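The residues making up each chain are set out below.
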Number of protein chains: 2
Amino acid sequence: MEKLKKYVSVKDEDHFYHQGAVELLIFNFLLILTILTIWLFKNHRFRFLHETGGAMLYGLVMGLIIRYMTKSPDVESGTVYECEKLKSGPSTLLINITNQVYEYQYKREISHHNVNGHQGNTMLQKMTFDPSIFFNILLPPIIFHAGYSLKKRHFFRNLGSILAYAFLGTAISCIVIGLIMYGFVKAMVHIGQLKQWEFHFTDCLFFGSLMSATDPVTVLAIFHELNVDTDLYTLLFGESVLNDAVAIVLTHSISIYSPKENPNAFDAAAFFQSVGNFLGIFAGSFAMGSSYAVVTALISFMHLTKFTKLCEFPMLETGLFFLLSWSAFLSAEAAGLTGIVAVLFCGVTQAHYTYNNLSPDSKMRTKQLFEFMNFLAENVIFCYMGLALFTFQNHIFNPLFIFGAFVAVFVARASNIYPLSFLLNLGRKQKIPRNFQHMMMFSGLRGAIAFALAIQDTNSQPKQMMFTTALLIVFFTVWVFGGGTTPMLTWLQIRVGVDPDEDLKANAASQSESSLDKNTTKAESAWLFRIWYGFDHKYLKPLLTHTGPPLTSTLPEWCNPVARLLTSPSAYGDQLKDDDTVYIINNEVLTENCESSAHIPVPAQDSTGSIQATGKEDIQEGDLGLGGYKLQLQHTAGQLQKNSSA
Amino acid sequence: MEKLKKYVSVKDEDHFYHQGAVELLIFNFLLILTILTIWLFKNHRFRFLHETGGAMLYGLVMGLIIRYMTKSPDVESGTVYECEKLKSGPSTLLINITNQVYEYQYKREISHHNVNGHQGNTMLQKMTFDPSIFFNILLPPIIFHAGYSLKKRHFFRNLGSILAYAFLGTAISCIVIGLIMYGFVKAMVHIGQLKQWEFHFTDCLFFGSLMSATDPVTVLAIFHELNVDTDLYTLLFGESVLNDAVAIVLTHSISIYSPKENPNAFDAAAFFQSVGNFLGIFAGSFAMGSSYAVVTALISFMHLTKFTKLCEFPMLETGLFFLLSWSAFLSAEAAGLTGIVAVLFCGVTQAHYTYNNLSPDSKMRTKQLFEFMNFLAENVIFCYMGLALFTFQNHIFNPLFIFGAFVAVFVARASNIYPLSFLLNLGRKQKIPRNFQHMMMFSGLRGAIAFALAIQDTNSQPKQMMFTTALLIVFFTVWVFGGGTTPMLTWLQIRVGVDPDEDLKANAASQSESSLDKNTTKAESAWLFRIWYGFDHKYLKPLLTHTGPPLTSTLPEWCNPVARLLTSPSAYGDQLKDDDTVYIINNEVLTENCESSAHIPVPAQDSTGSIQATGKEDIQEGDLGLGGYKLQLQHTAGQLQKNSSA
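These numbers were taken from a predicted model, which means no experiment stands behind them.

Q: Looking at this structure, how should I read helix α17 (residues 448–455) of chain A?
A: Given 3.6 residues per turn, any residue in an α-helix points the same way as the ones three and four places further on. Residues and elements named next belong to chain A. The buried count for α17 comes to eight of eight residues, which makes it a mostly enclosed element. Within α17, burial applies to Ala448, Ile449, Ala450, Phe451, Ala452, Leu453, Ala454 and Ile455. Elements in contact with the buried residues of α17: α5 (131–148), α8 (201–211), α10 (230–256), α14 (360–391) and α18 (461–483).

See below:
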């Protein structure tokens, strides 16, 4: 007894002192190497291997070393024990071994052919970390950052097309991959590589949905560096960001879809339930994310103006911002919704409202913090993907399935981009040219999200096979397509070195010149957003931030007491700096009113005629010389004037 | 088979989707609550409950809710299975349950009387996170930040006393607690509460060492806010920071100490081996930490000057800084040394060298990043401590042991502070007054480190009893002593509202007036540091940073080619801004030379007579009108002059 105690205690102590340190050190080492490489690449303007590709390569080499250089130290493992009393695997197992009770925790199901081999290598086990770490810790900063740094003006210009690619495109891609894979699975069953009951059509669709998530990281980093044409950039950025959200919710919905009787037959009720699930989860997650952001905006706004100053303690402000945004993710997950969607829209809303309430110090702090976390998380994920090829212990390489998946992924991407672009071009004034379409086809990289969705569940053999295949597709697309981005841009003659703001102005200018011809399509698709932006500008912005016109001027007269209570004193001074909103309104007004703007007299209808310094300065700050814009500004300036003199 | 599969797969999916999200959300919620409370306290200048105390309180309440509001959902657990084939607990267990293999991972040993009860509550299990997370993730930023933000000039003025308190004091405290606890344990064995073989003298010493780690967080936060007398602040800060390191190494050394035969007898060989271990681990960790910092300094220095600019990419620079500092911790842990000591000295060295090489942007980024991580980690730890009282499932409350521990901790603190202060006052010119001694006695809070050391190993019954007791002591000291800090300061008439720099100058001035009497003790204890600082200033600073005199002027003539290679061009321009070093040299020179400084002629021996603008400006920047300081500066200025004209 005494001796055993000693043995166990010594073992544990060693266990506790170093547990995790070596594994974390390996990751640190990989990241340091990656950073030095990035730095080297940046200096030598080397673009054939992007940093993410580099991180993955280092991970791969490290995985190889760990797999073949470390030996299995634990003799006991590899042996399977029988336990007749148990009927299923409980999450915690208490076992009495020679009069001492030990606690064991459930880890996973192991397929029979993987029981031997490297099962006993504790180093490999430790390097394979819990998928929940991906979902709860590494993905949120990346997605939040995407939302937080979204360039709203470019995004909204192409919103229709982006939504079409993201929703319709992803659905098409999912179904096409699912169908092709089902064909391959049938073939595999036919030649005896797979048993019928192991792989249903829903499993194929599940694979289709997870392989439909395209990765924004690699291509966009290169695009950003090269200043590729803004429209192409925005289309790809918008598509890949929203498409991640769609693919995740789709995967979730499909995994819930469980037809009652025959799993291969089509069950209409279950199907519509899944579609309902999809819509419900998406809307719920959107609501969850936005409400957290609104709460953050309200807290920071109240502290900023009404009560005492939170902004005097930038650390607290940053902390609150960070924690509430993360909570948006976690609450959505805990509520059975999709955290990624919640955190994406939380990021967009935070940037739109809360950001304006922060002190200048906190603005910078939060921006740098999220940038840094995004950077680290991204590189950790890519290093880990490299590692996983050799350290993950339940790979199932099935050549036919892998071949099928490669075919399916490319066919699906093509049947997403080309038909949709054709349809969109029917409606778009500014067509999506052929070379953009080819580039979008080429940029369908699979990355972190596909990997995370695949690693989420590797408990059954079909899932393990999917994981292995997904990993290989990620490798291939990141290295080959990621590395080929620069040559492809040259080959497709896509212009680089464009200043996004210049480009937008030039576009707007050329539009205002050429758009004397009727442009009903755009005006029609835009009316909803114009209403939303008007509402946002008049009511939400003044309520949640200290930009925009004071509520006292936008709400009806009888609401004045409430409005005055809700308006910050600084709203009268600081307003009108919010150029994104104005830009969008302006842009729409422009498309609609560019003819009429010429003959509307400058002092607008309800202005009191006193257009003074404030208004004029603001016009200087915004975009220059656009009739609709001037109108808008002067309108507000007039109201302001009227209000402050009342 | 099919049905079981379904069951397992559904269970797992649910498992993976929400795993961790709820627990993380609880922590986020606690942290948000804490931040809002801090903000409220700061506004109302409420100081009877410090933020850490608040965090702990919230954790406690949440723990209570989780414990009594959630029910054990898993029927299986609580049942102990027999496994006759196993001889000891392997780290991974493969179990065949109804023809499917499941993998289980070793978690811990469970004492028999804790098998039932709340064992089956999975929520409680999930809230109890792995101690390795504490050590590898939460502690490093706190300790690094302590080192990074160390005010060197105040620290070094009191270095002798700080070292005495930290090394001798901790050893005294450890032995006193160990002896008193051994008495109580003997008594418990006598009345039959404990079996003889369960608790050795080494276990008592182990408890003594972990309870000797005083916490810098709570008291110092209040001191910092109130601007308490700088000497007292520095003494307490220095003591608690170094004492953590000492206590950790001591705990480690004691847990390694294993006398061959009778565990209660004194084994001289094993004892000296432990002392050797202690010194070896301390020195090794110190070396590890400093070398990582030196590597960071070299990388950032090289990039800054010789090669291309890393500082153009502040993100990469910050990332590298962060990862290398963390690697210092992890490498030390992986090498069997103490990461905390390594990361502490890494922080000090980073602040001394690397900080000077960073771009202004990175300087701010790193500072804010570490500040933020420190803030979060601190509050997470205190929340968790609150939670642990109710969520930890293997508590052993033994009233006699707890009472004994309380007595031991106070006696030990008293026998550390009062005798040492008496001895130190014999040597110190500026005595440590009685009220400072009482305040130091009172400020012996136990916090994060004591908790982390106790939770590290809770596998055996004595360790579980120690953990429970340590937790109660932490609660008591943080709430009672932490909350009583402000009244105690008033009661002891310790002055507050002191500007540290003003204070230092005033002290220096009064010293220069009054120190005409001989002060050999201080001069003697200071010569080592003077040599070190001279060396640092002349060789290390120029080699690792772009401050200090160029190497070409400090190295002998024949080294000139090497020196020129190693000196950055900017060293000639940017130097002499490094006032910490100069201040310390000056302060020592002052104590020694204040008589002679009057009759040393201003142009010093090897100056070439050309004391010009640069030198004079620097004198203005530093402390004013101190002879030794002028001498030093002019000496350097002269060399600079000589060198640049050569």
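Q: Is there a simple way to explain the packing of helix α12 (residues 314–334) of chain A against helix α2 (residues 21–44) of chain B in this structure?
A: Two packed helices can be described by the angle between their axes and the distance between those axes. Two elements in contact, α12(A) and α2(B), have axes separated by 9 Å at closest approach and are oriented at 155°. Considered as vectors, α12(A) and α2(B) are oriented roughly antiparallel to each other. Classified by chirality, the crossing of α2(B) by α12(A) is left-handed. Contacts from Leu316(A), Gly319(A), Leu320(A), Leu323(A), Leu324(A), Trp326(A), Ser327(A), Leu330(A), Ser331(A), Glu333(A) and Ala334(A) of α12(A) reach α2(B) at Ala21(B), Val22(B), Leu24(B), Leu25(B), Asn28(B), Leu31(B), Ile32(B), Ile35(B), Leu36(B), Ile38(B) and Trp39(B). Its residues placed into classes, the contact of α12(A) with α2(B) shows 17 nonpolar, four polar and one charged.

Q: Could you clarify how one ought to interpret the confidence of the model for chain A in this entry?
A: Predicted coordinates in regions of low pLDDT should not be interpreted in detail. Residue and element names in this part refer to chain A. Looking at chain A, the pLDDT average stands at 72 and 64% of residues meet or exceed 70. Mean pLDDT across the elements of chain A bottoms out in helix α27 (residues 613–621) (35) and peaks in helix α15 (residues 399–427) (91). Taken as a whole, residues 1–17 scores under 50 in pLDDT and shows 28 contacts with residues more than four places along the chain or in a different chain. Confidence drops under pLDDT 50 across residues 569–646; counting only partners more than four residues distant or on other chains, this segment forms 93 contacts. Overall fold confidence for the complex sits at a pTM of 0.76, while the interface term, ipTM, reaches 0.75.

Q: I'm lost on the domain arrangement of chain A in this one. Help?
A: Quoted interface sizes are often the accessible area lost when the parts come together. Residues and elements named next belong to chain A. Taken as a whole, chain A is organised into domain 1 (2–70 + 91–108 + 121–127) and domain 2 (131–259 + 285–498). Contacts between the two partners involve 30 residues from domain 1 and, on the opposite side, 30 residues from domain 2. Around 2700 Å² of area is buried between domain 1 and domain 2 when both sides are counted, 70% of it from carbon and sulfur atoms. For the pair domain 1 and domain 2, the interface holds zero salt bridges. Linking domain 1 to domain 2 there are two residue pairs in polar contact (both at pLDDT 80 or more).

Q: Even after reading the chapter, I still don't get the side chain of Thr468(A), so can you show me in this structure?
A: You can see Thr468(A) is positioned in helix α18. Discounting residues that sit within four places of it in the chain, Thr468(A) has contacts with His395(A), Ile396(A) and Phe397(A).

Q: Looking at this model, I keep getting lost on helix α10 (residues 230–256) of chain B. Mind explaining?
A: Residues and elements named next belong to chain B. Taking 1.5 Å per residue as the helical rise, α10 with its 27 residues ought to reach 39 Å, and the 39 Å between its terminal C-alpha atoms agrees with that figure. With respect to burial, α10 is a largely interior element, 24 of its 27 residues being buried. The backbone nitrogen of Asp231 has a side-chain oxygen 3.0 Å away, supplied by the residue at the start of α10, namely Asp229.

Q: Any chance you could explain the packing of aromatic side chains here in plain terms?
A: Remark: the centre distance and the inter-plane angle together describe each pair of aromatic rings, the angle taken between the planes. Under the criterion given, the structure shown has 56 aromatic pairs over all chains. Ring geometry for Phe144(A) against Phe321(A): centres 6.3 Å apart, planes inclined by 90°, an arrangement best described as edge-to-face. Taken as a pair, Phe144(A) in helix α5 and Phe321(A) in helix α12 lie far apart in primary sequence, 177 residues in all. Between the aromatic rings of Phe321(B) and Phe370(B), the centroid separation amounts to 5.6 Å while the plane-to-plane angle is 50°, which identifies the pairing as tilted. Here Phe321(B) is found in helix α12 (residues 314–334), whereas its partner Phe370(B) is found in helix α14 (residues 360–391), with 49 residues between them in sequence.

Q: Sorry, what's going on with unusual backbone geometry here?
A: Trans is the prevailing form of peptide bonds, just as negative phi is the prevailing case for residues other than glycine. The residue Gln493(A) is not glycine, and still its phi comes out positive at about 55°. With respect to the helices and strands, the residue Gln493(A) is situated in the loop between α19 (485–491) and α20 (500–514).

Q: Is there a simple way to explain the pattern of salt bridges in this structure?
A: Any two side chains of opposite charge can pair, given that their charged atoms come close. For the structure on display, the rule yields six salt bridges over all chains. Note that Glu371(A) and Arg365(B) form a salt bridge whose closest N and O atoms lie 3.4 Å from each other. You can see Glu371(A) sitting in helix α14 and its partner Arg365(B) sitting in helix α14, one on each of two chains. Asp361(B) serves as the salt-bridge partner of Arg365(B), at 3.6 Å between the closest nitrogen and oxygen. One end of the pair is Arg365(B) and the other is Asp361(B), both in helix α14 and four residues apart, which spans about a single turn.

Calculation criteria
- Residues numbered from 1 in each chain as written.
- Chains lettered and ligands numbered in written order.
- Predicted model: local features only at pLDDT ≥ 70, side-chain atom pairs only at ≥ 80, totals over all residues.
- Heavy atoms only, no water.
- Buried < 20%, exposed > 50% of the residue type's maximum accessible area, 1.4 Å probe, protein only.
- Helix = DSSP H or I, 4+ residues; strand = E, 2+ residues; numbered from the N terminus.
- Contact = heavy atoms within 4.5 Å.
- Axes fitted to C-alpha atoms, helices over the stretch in contact; angles between N-to-C directions.
- Parallel < 35°, antiparallel > 145°, perpendicular 65-115°, else oblique.
- Left-handed = near helix turned anticlockwise from the far one by under 90°.
- Nonpolar A, V, L, I, M, F, W, Y, C, P; charged D, E, K, R; others polar.
- pLDDT = per-residue confidence, 0-100.
- Domains from an automatic or database assignment.
- Buried area = accessible area lost by both parts, 1.4 Å probe.
- Salt bridge = Lys/Arg side-chain N within 4 Å of Asp/Glu carboxyl O.
- Polar contact = N/O pair within 3.5 Å; in protein donor to acceptor, adjacent residues only side chain to side chain.
- Expected span 1.5 Å × (residues − 1).
- Phe/Tyr/Trp six-rings, centres within 6.5 Å; stacked < 30°, edge-to-face > 60°.

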